[in-house]
Amino acid sequence: MIFPRRELVEKLYAQETLDELTLSYIQNLYRANTRNTDVAILLARTQQEDMDITTLENMLLPPANTGDARQRTEARLILVKAYARALHEAGLEPKQRMSLKARLTALMRSSAKEALPERLAQAFANLAFELDLPALGTEFLAKIETGRSPDALEYYAKEALAKGEYGVAAEYYLLAREQTKEVAQARRLFMAGIDALMADSLFQQAMQSAKQHLGALENDPQTLRYLARTALAAGSPAQAALYARALVFQTEGATP
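Below or above, wherever it landed, is the structure these notes cover. Quantities reported herein were computed from a predicted structural model and do not represent experimental measurements. (Residues numbered from 1 in each chain as written. Predicted model: local features only at pLDDT ≥ 70, side-chain atom pairs only at ≥ 80, totals over all residues. Heavy atoms only, no water.)

Looking only at helices and strands, the protein chain features 14 helices and zero strands. Helices and strands appear in the protein chain in the N-to-C order α-α-α-α-α-α-α-α-α-α-α-α-α-α. Relative to the compact-globule value of 18 Å for 256 residues, the protein chain shows a C-alpha radius of gyration of 23 Å, a clear excess of over 25%. C-alpha atoms of the protein chain, sized along the principal axes, occupy 80 × 40 × 30 Å. Within the protein chain, the fraction of its 256 residues that count as buried is 46%. Long-range contacts, defined as pairs at least 24 residues apart, comprise 55% of the intrachain contacts of the protein chain with a sequence gap of at least 6. As displayed, the protein chain offers around 13,700 Å² of accessible surface, 52% of which is attributable to carbon and sulfur atoms. (Helix = DSSP H or I, 4+ residues; strand = E, 2+ residues; numbered from the N terminus. Rg over C-alpha atoms; globule rule 2.2 N^0.38 Å. Buried < 20%, exposed > 50% of the residue type's maximum accessible area, 1.4 Å probe, protein only. Contact = heavy atoms within 4.5 Å. Areas by Shrake-Rupley, 256 points an atom, 1.4 Å probe, with all protein chains shown as cover.)

Moving on, we come to the nonpolar core. Generally speaking, a soluble globular protein has its nonpolar side chains buried in company with each other. Core analysis: the largest hydrophobic core is formed by 61 residues, its most contacted members being Leu60, Met108, Leu141 and Tyr172. For this core, the leading source of residues is helix H5 (residues 69-87), giving nine residues. Beyond its immediate chain neighbours, meaning those up to four positions away, Met108 contacts Phe124, Leu127, Ala128, Leu131, Leu133, Leu136 and Phe140. Membership of the second largest hydrophobic core comes to 22 residues, among which are Leu174, Ile194, Ala231 and Tyr243. (Core = buried A, V, L, I, M, F, W, Y, C linked by side-chain atoms within 4.5 Å.)

We now examine the packing of aromatic side chains. Inspection of the entire model under this criterion finds four aromatic pairs. Between Tyr155 and Tyr156, the aromatic rings sit 6.2 Å apart at their centres with planes inclined by 65°, giving edge-to-face as the arrangement. Grouped by ring-pair contacts, the aromatic residues Phe129, Tyr155, Tyr156 and Tyr172 constitute a single cluster. (Phe/Tyr/Trp six-rings, centres within 6.5 Å; stacked < 30°, edge-to-face > 60°.)

As a further point, take the packing of helix H7 (residues 118-130) against helix H8 (residues 134-141). Taken N-terminus to C-terminus, the directions of H7 and H8 make an angle of 165°; their axes are 8 Å apart at the nearest point. With respect to H8, the element H7 is oriented roughly antiparallel. The hand of the H7/H8 crossing is left-handed. Facing Ala121, Gln122, Phe124, Ala125, Ala128 and Phe129 of H7, the residues of H8 in contact are Pro134, Leu136, Gly137, Thr138, Phe140 and Leu141. Here the contact of H7 with H8 is built from residues that sort into nine nonpolar, three polar and no charged. (Axes fitted to C-alpha atoms, helices over the stretch in contact; angles between N-to-C directions. Parallel < 35°, antiparallel > 145°, perpendicular 65-115°, else oblique. Left-handed = near helix turned anticlockwise from the far one by under 90°. Nonpolar A, V, L, I, M, F, W, Y, C, P; charged D, E, K, R; others polar.)

Moving on, we come to the pattern of salt bridges. The full count for this structure, using the stated rule, is eight salt bridges. The salt bridge involving Arg188 is made with Glu154; its shortest N-O contact spans 2.6 Å. Pair noted here: Arg188 is in helix H11 (residues 183-199) and Glu154 is in helix H9 (residues 150-162), with a separation of 34 residues, a long-range link. Classification of Arg188 as partly exposed rests on a relative accessible area of 40%. Overall, Glu154 belongs to the buried group, its relative accessible area being 11%. Through salt bridges with shared partners, a single network forms among Arg45, Glu74 and Arg119. (Salt bridge = Lys/Arg side-chain N within 4 Å of Asp/Glu carboxyl O.)

Before going further, it helps to examine the packing of helix H3 (residues 37-47) against helix H4 (residues 53-66). Where H3 meets H4, the axes come as close as 10 Å, and the angle between the chain directions of the two elements is 135°. Considered as vectors, H3 and H4 are oriented oblique to each other. By crossing handedness, the relation of H3 to H4 is classed as left-handed. Residue-level contacts link Thr37, Ala40, Ile41, Leu43 and Ala44 of H3 to Leu56, Met59, Leu60 and Pro63 of H4. Here the contact of H3 with H4 is composed, by residue class, of eight nonpolar, one polar and no charged.

In this model, helix H14 (residues 237-248) (12 residues) spans 16 Å end to end at C-alpha, consistent with the 16 Å of a helix rising 1.5 Å per residue. By the burial criterion, the buried members of H14 are Gln239, Ala240 and Tyr243. Buried residues of H14, seen end-on, are gathered within an arc of 105° and therefore sit on one face of the element. Exposed positions of H14 whose direction lies more than 90 degrees from the buried face are Pro237, Ala238 and Val248. Residues of H14 that are buried make contact with helix H12 (203-213) and helix H13 (221-233). (Expected span 1.5 Å × (residues − 1). Arc of directions from axis to C-beta.)

Following this line, the structure appears as structure tokens:
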């Protein structure tokens, strides 16, 4: 059995799905030589949802680390999806989650040293924020030409919200808030970030993030009024009282 010529490999990489005959051909090629990197990637991409994370790691970590540029990108994209699925599996034990996080973090840190395609940098950033690795997430965003503009960050936040990833959405909203000095926009993004955390019942994190990202909005009456209400809803009456007191003594706030 001969291995696919370069022209065939190029064609198969361009296809999102493979028909049964082509899939059978790829499976036979992989059985004949499991070290054929392109075949391993093509097979994993086609059957990734039917493979467990260990199988995919065995197939894809070598090309993800030492393959050529396209092989590294393709292998990492598949692994990102696989790690995301594995981390959200029902019944995942704490030790299993810690192990998954450690392996994924190692992959992300090694990948962060390279120039990356936008879609891969974005995928890594999402997972980094989900795993509470904001510095690493920001490092990946820096690889995207427009990745750190307020508009781009807000777009990423809305994408995360649509997938129910409230913590990730909050990170993006609050990063966007840090990128703008215009008070009304900063206030809107700040509130959107805190609201995302509140929507996921992450009350303590919401209060901590509010303190961390408040910045110049500490002089904004609308923001202080919002925080007083939100702190009460989060079960933090003492914090609500502090914001209310700041509002009472605020003589001139930021222009709405």
